[in-house]
Amino acid sequence: MSFQVTKAVDNKNTTTTTNYRCGRLNIGDEKKPLITPTFMLYTKEGSPINLTKDLLNGLPNEKVHSLQLLFSDLYQFKDVLEKYQKGVHEFLSLNEHILFLLFRDSANFSADQEFKDDSINVTARKGKTKVDVQEYNKIINVIRPDLASSLSVDLDWNTGKKKAIKQVQCTLSWLNKLIELQETTTTTTTKQNLLGVIQGCKYSDLRIKSVEETIKHDSKLSGYVLGSFGTGESNQERAEILEKVLEKLPKEKLKIISGVGSPEEILCCVEQGIDVFSTNYPNLMTEWGNALTFTFKLDQFKSVNNSNKINLWDTKYVIDTTPLVKDCPCFTCTQHTKAYIHHLLNTHEMLAQVLLTIHNVSHYLGFFEEIRKTIESNQFEQYKQQFLAKRLLINNKEK
Amino acid sequence: MTSNEIPYIKKDIDVVISGVKYPLDNPPLQFEILGKWGKARAAKLTLPHHCCNTPMFMPVGTQGTVKGLTSQQLVDLNCGVVLGNTYHLGHRPGPEVMDAVGGLHQFMNYPRAMLTDSGGFQMVSLLQLAEITEEGVQFQSPHDGSTMVLTPELSMQIQNSIGADIMMALDDVVSSTTVGPRVEEAMYRTLRWIDRCISAHKKPETQNIFCIVQGGLEPTLRDICMDGLIARNFPGYAIGGLSGGESKDKFWRVVHQCTSKLPENKPRYLMGVGYALDLVVCSALGVDMFDCVFPSRTARFGSALVPSGSLNLKSSEYAFDFTPIDPECTCMVCKNYTKAYLHIVAGKEAIGGQLITYHNISYQMSLMNQIRESILNNSFPDYVKSFIQKQYPNKDCPQWAIDALKEVNIII
Ligand SMILES: [Zn+2]
Ligand SMILES: [Zn+2]
């Protein structure tokens with residue numbers, strides 16, 4: 001595995017530090033890199049929601065996608081994977097894609113996760129079980145994702161300091177142990193690409209300590225997960241902590257954030273230097289019957305006045321034979337109308353979710369594509385500014 | 001004497017030949033038989049939107065969608081005709097929307113052929129308060145409880161709005177287990193309603209009506225009904241009133257009787273039949289078209305169709321089974337997913353339903369394809385025997401199927 005920063009822009013002025021970049025994550029096959037900034041598709045039981053293999057590979061955007069596998073989901077079929085032996089890509093028929101194994105469920109954050117000094121609690125279908133580092137090491141060698149987070153538990157932003165200290169300490173000691181196990185018990189061929197996890201909730205001293213201790217293992221780590229975000233902090237609070245953390249993390253390594261995913265949040269985090277987002281935002285929109293319609297093309301901010309999103313339950317779409325978004329290249333928009341999707345929602349047909357998922361995921365992939373383009377062409381700051389202004393204007397108009 | 005034994009007293013209006021004829025001698029449908037084995041036929045059925053190969057299975061897309069599959073996936077699966085249900089589509093989105101968007105083909109963007117039922121059967125089976133009068137099927141609106149009547153005219157009007165390649169005439173549906181005078185009354189009424197359907201049909205140039213043979217399990221009534229329908233010269237004929245709980249022995253005899261009498265050069269559609277054994281036996285008896293919700297419905301409960309029958313993928317016996325549902329199947333699901341993975345999502349996650357439905361439709365399509373190929377290359381009896389061998393390796397093939405096949409000189 002390798003990660004290269006292909007374009008980086010560092011600006012430091014009195015008020016903000018910006019550090020955004022484009023990158024290229026190569027896993028095995030050099031011809032199929034994952035280009036960042038990007039987001040991971042949300043999965044359930046290992047499959048991207050509503051996307052069978054043909055539908056996933058038919059998305060109009062890049063051919064390599066990143067997906068987040070949730071440890072608690074995969075934990076439930078670890079025995080199956082162990083017997084299968086060929087790894088999780090083959091098992092899920094996701095060979096061409098990049099799979100991240102993470103602990104944080106970006107859809108269902110529970111603030112009351114328990115953990116002990118030596119283990120975390122995993123809520124599996126059959127009840128809660130304890131997983132310690134030894135067990136986790138064994139499981140990741142069986143799952144063999146492309147990148148595996150080190151053991152960690154996200155906590156609420158406003159967690160008391162005592163618990164936050166314990167979170168940071170445990171995360172560090174688990175990382176030490178995991179690296180040790182990886183070094184001693186696995187051969188080079190089965191060695192996993194590990195991600196260190198930065199914790200510490202709202203406490204900047206803890207965050208800094210977490211970074212300083214974690215980067216001692218930098219040569220053994222493929223990147224960093226920024227934990228316990230999207231757990232109740234304001235944008236301002238997030239930006240402040242992120243700045244402190246990102247300043248100290250090695251520039252050339254991949255940075256991943258979980259639980260942060262609205263378009264506004266994404267632009268701010270990209271500006272600060274985040275590479276990959278783990279979010280269920282497009283799926284959440286689908287669940288609500290929404291289609292993302294916001295304008296994300298730099299050259300269209302002046303000319304196009306789309307809503308930011310539309311709700312397909314609305315009876316005004318009963319005979320609307322236009323696509324969700326004009327000129328959207330996705331299957332849903334090239335083949336189907338708002339009227340049909342409204343009808344499918346209204347009759348509780350599963351195809352409604354399938355078609356909305358295709359569009360919403362495509363729309364988000366298109367958004368990230370434009371983010372990358374503007375970074376490459378040195379227009380990102382202008383892009384962000386105009387994007388946010390446009391969103392705000394349209395949000396206010398719709399209110 | 002019970003009420004079932006009271007003979008039906010024929011009324012003046014009970015007429016077999018009314019003189020009404022289907023408006024076109026050259027409807028927008030061509031049926032060309034390419035090969036035969038006994039009564040079984042392999043044919044090319046050309047409809048306004050698609051040229052289909054028969055015998056064929058038609059997946060049911062009740063509300064304008066086949067459970068979770070996209071219209072592209074239906075094409076990828078090589079479906080020819082997809083069914084829509086007039087009762088459901090007439091209710092939501094309703095004929096006004098259908099007219100506004102240009103019909104069901106446009107609405108669901110399915111480029112191939114479609115067929116709609118009359119709405120009558122669903123009404124009688126879904127609504128407890130439905131009552132049949134000479135005017136039509138009277139029912140209480142599920143919206144506001146008001147009394148409404150689905151007349152033959154209204155059924156045609158809605159089906160014209162939907163715009164399917166094939167529309168079904170409204171018939172007087174009686175349960176296939178009903179006996180006695182009600183069956184005869186329904187048969188004669190079906191003949192009267194058919195004439196009302198013919199005169200209400202507004203688009204004979206682009207849409208075909210199939211009529212439905214009724215008459216319960218009474219050979220004489222079926223015979224009279226066919227006399228009346230054949231005289232009217234329809235583009236195609238359906239066999240109705242079966243698959244509703246009657247004995248299989250009676251079922252196949254009615255099918256056999258109908259396929260022996262219906263015109264050779266017209267397609268024959270057996271309604272609501274879709275189990276693999278029924279498809280094979282009834283193809284042998286000369287049926288060309290079938291439909292059934294079974295393959296998609298059973299998929300949602302985790303059941304996958306295979307040459308040996310079906311697999312309940314929720315069963316723990318598949319937890320470590322790393323083979324596809326059917327190693328012979330070439331569908332997207334069998335090429336990419338194992339039973340062990342499907343076991344994890346079957347009956348639980350939406351993706352489980354999507355994947356198993358996809359395979360099950362593929363199974364139905366390939367079964368029909370094999371039947372058709374074997375008719376064309378003159379190996380149909382061998383195919384039937386090997387099919388039965390796979391489904392019933394313990395030689396416990398149901399007697400009715402053995403009897404039915406023997407009738408067409410296929411000895412199991
Ligand atoms: Zn789209
Ligand atoms: Zn298959």
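Residues numbered from 1 in each chain as written. Chains lettered and ligands numbered in written order. Predicted model: local features only at pLDDT ≥ 70, side-chain atom pairs only at ≥ 80, totals over all residues. Heavy atoms only, no water.

1. Overview of the UniProt feature "binding site: Zn(2+)" (unreviewed entry) in chain B
Residues and elements named next belong to chain B. Here is the rule: UniProt positions are given in the numbering used here, feature names are shortened, and annotations may be inferred rather than shown by experiment. A helix here means a DSSP run of H or I that spans at least four residues, while a strand means a run of E at least two residues long, and both kinds are numbered starting from the N terminus. The classification of residues rests on relative accessible area computed with a 1.4 Å probe and restricted to protein chains. Under 20% of the type maximum is buried, over 50% is exposed, and intermediate values are partly exposed. Every residue pair with non-hydrogen atoms within 4.5 Å of one another is taken to be in contact.
UniProt records the feature "binding site: Zn(2+)" (unreviewed entry) for C329, C331, C334 and H359 in the present numbering. Of the residues just listed, which span 31 residues, no C-alpha pair is farther apart than 8.4 Å, and they cluster in one region. Along the chain, C329 turns up in the loop between β16 (309-312) and α12 (332-336). Residue C329 is classed as buried on the basis of its relative accessible area, which comes to 14%. Excluding residues within four positions of it along the chain, C329 makes contact with C334, H359 and S362. With respect to the helices and strands, H359 occurs in helix α14 (residues 350-376).

2. Focus: the interface of chain B and chain A
Here is the rule we go by: Throughout, buried area stands for the accessible area (probe radius 1.4 Å) lost by two parts on being put together, summed over both. By definition, a salt bridge exists where a carboxyl oxygen of Asp or Glu is found within 4 Å of a side-chain nitrogen of Lys or Arg. Nitrogen and oxygen atoms within 3.5 Å of one another constitute a polar contact, given that in protein one can donate a hydrogen and the other can accept it, and given that sequence-neighbouring residues count only through two side-chain atoms.
Taken residue by residue, the interface counts 37 residues in chain B and 37 residues in chain A. In this assembly, chain B packs against chain A so that about 3,300 Å² is buried in total across both faces, 65% of it on carbon and sulfur atoms. Ionic pairing is found between K67 of chain B and E349 of chain A, a salt bridge with its closest N-O pair at 3.0 Å. Applying the counting criterion to the chain B and chain A interface returns 14 residue pairs in polar contact (both at pLDDT 80 or more). For the side of chain B that touches chain A, the elements supplying multiple residues, two or more each, are α1 (71-76), α3 (95-101), α4 (104-108), α12, α13 (339-345) and α14 of chain B. Residue contributions to the side of chain B that touches chain A peak at five residues, all from α14 of chain B.

3. Focus: the side chain of D278 of chain B
Residue placement: D278 of chain B occurs in helix α10 (residues 276-284). Setting aside chain neighbours within four positions, we find D278 of chain B in contact with K248, V273, S283, F290 and W400 of chain B.

4. Observations concerning the sheet that holds strand β1 (residues 2-8) of chain A
Residues and elements named next belong to chain A. So the rule is basically this: Two strands qualify as a pair provided that DSSP identifies no fewer than 2 bridges between them. Fitted lines through C-alpha atoms give the axes, limited to the stretch in contact for helices. The angle between two N-to-C directions lies from 0 to 180 degrees.
One open sheet holds the three strands; their spatial order is β1-β4-β5, and the pairing between them is antiparallel. Looking at strand neighbours, the two that pair on one side only are β1 and β5 (34-36), the edges of this open sheet. Neighbour-to-neighbour, the strand axes of the sheet open up by a mean angle of 20°, direction not taken into account. Across three bridges, the pairing between strand β4 (residues 21-26) and β5 is antiparallel. Residue pairing across strands places G23 opposite T36, the latter belonging to β5.

5. Considering the packing of aromatic side chains
All names here are of chain A. Heads up, the condition is: Two rings from Phe, Tyr or Trp (for Trp, the six-membered ring) form a pair when their centres are within 6.5 Å of each other. A pair whose planes differ by under 30 degrees is stacked, one over 60 is edge-to-face, and the rest are tilted. Both a distance and an angle decide whether a charge sits over a ring: NZ of Lys or CZ of Arg must be within 6 Å of the ring centre and within 35 degrees of the ring normal.
Per the counting criterion, the structure on display carries 34 aromatic pairs over all chains. Considering the side-chain rings of F294 and F367, the 5.3 Å spacing of their centres and the 85° angle between planes classify their relative orientation as edge-to-face. Taken together, the positions of F294 in the loop between β17 (290-292) and β18 (309-311) and F367 in helix α13 (residues 351-376) put the pair 73 residues apart, joining distant regions of the chain. Assigned by exposure class, F294 and F367 land together as buried. Members of the aromatic cluster, each reached through a chain of ring pairs, are F39, F277, Y281, F294, F296, F301, Y364, F367, F368, Y383 and F387. Lying over the aromatic face of F294, R391 brings its terminal NZ or CZ to 5.2 Å of the ring centre.

6. A few points about the pattern of salt bridges
Residue and element names in this part refer to chain B. Enumeration over the complete set of coordinates arrives at 37 salt bridges over all chains. Its salt-bridge partner being D172, residue R189 comes within 3.1 Å of it at the nearest N-O pair. Placement of the pair is R189 in helix α7 (residues 181-200) and D172 in the loop between β10 (166-168) and α7, with a sequence separation of 17 residues. Accessibility classification places R189 together with D172 in one group, the buried group. Each of K11, D14, E134, D172, R182, E185, R189 and R192 takes part in one network of salt bridges that share partners.

7. A closer look at the coordination of the zinc ion (ligand 2)
All names here are of chain B. Basically, it comes down to this: Each metal's donors are the N, O and S atoms within 2.8 Å of it, or within 3.2 Å when it is Na, K or Ca, and because water is not part of the set, sites may look incomplete. All geometry calls rest on donor angles, where a four-donor set with angles between 85 and 135 degrees is tetrahedral, four- and six-donor sets with opposite donors more than 155 degrees apart and all others between 65 and 115 are square planar and octahedral, and all else is irregular.
Donor atoms from the polypeptide that coordinate the zinc ion (ligand 2) comprise C329 (SG), C331 (SG), C334 (SG) and H359 (ND1), at 2.1 to 2.3 Å from the metal. Each of the four donor atoms bound to the zinc ion (ligand 2) contributes to angles spanning 97 to 118°, and the resulting shape is tetrahedral. Each donor residue of the zinc ion (ligand 2) lies on the same chain, and together they follow the pattern C-x1-C-x2-C-x24-H. Linking C334 in helix α12 with H359 in helix α14, this pair joins segments that are 25 residues apart in sequence. By relative accessible area, H359 is classed as buried at 0%.

8. Looking at the packing of α7 of chain B against helix α8 (residues 219-232) of chain B
Residues and elements named next belong to chain B. In plain terms, the rule: The cut-offs work like this: below 35 degrees is roughly parallel, past 145 is roughly antiparallel, 65 to 115 is roughly perpendicular, and the gaps in between are oblique. Think of it as three bins: nonpolar holds Ala, Val, Leu, Ile, Met, Phe, Trp, Tyr, Cys and Pro, charged holds Asp, Glu, Lys and Arg, and polar takes everything else, Gly as well.
Contact geometry for α7 and α8: axes closest at 10 Å, N-to-C directions at 5°. Looking at the two axes, α7 sits roughly parallel to α8. Facing α7, whose interface residues are V183, E184, M187, Y188, L191, I194 and D195, α8 presents L221, I224, C225, G228, L229 and R232. Residues that form the contact of α7 with α8 fall into these classes: nine nonpolar, one polar and three charged.

9. A closer look at the side chain of E271 of chain A
All names here are of chain A. Along the chain, the position of E271 falls in helix α9 (residues 263-272). Assessed through its relative accessible area of 14%, E271 is described here as buried. A polar contact of 2.5 Å, which involves the side chain of E271, links it to the side chain of K384. Dropping the residues within four chain positions of it, E271 is found in contact with T18, N19, Y20, F380, E381 and K384.

10. Quick look at the coordination of the zinc ion (ligand 1)
Here the zinc ion (ligand 1) is held by the protein donor atoms C328 of chain A (SG), C330 of chain A (SG), C333 of chain A (SG) and H359 of chain A (ND1), which lie 2.1 to 2.3 Å from it. With four donor atoms in place around the zinc ion (ligand 1) and angles of 97 to 118° between them, the coordination shape is tetrahedral.

11. Some remarks on the state of the cysteines
Residue and element names in this part refer to chain B. Using the following cut-off: Only a pair of cysteine sulfur atoms within 2.5 Å counts as a disulfide in this structure description.
Taken as a whole and judged by the stated rule, the model has zero disulfides over all chains. Residue C225 stays outside any disulfide, its sulfur separated by 7.7 Å from that of C211, the closest cysteine. Residue class for C225 comes out buried when judged on its relative accessible area of 0%. C397 carries a free sulfur, and the closest cysteine sulfur to it, the one in C282, is 13 Å from it.

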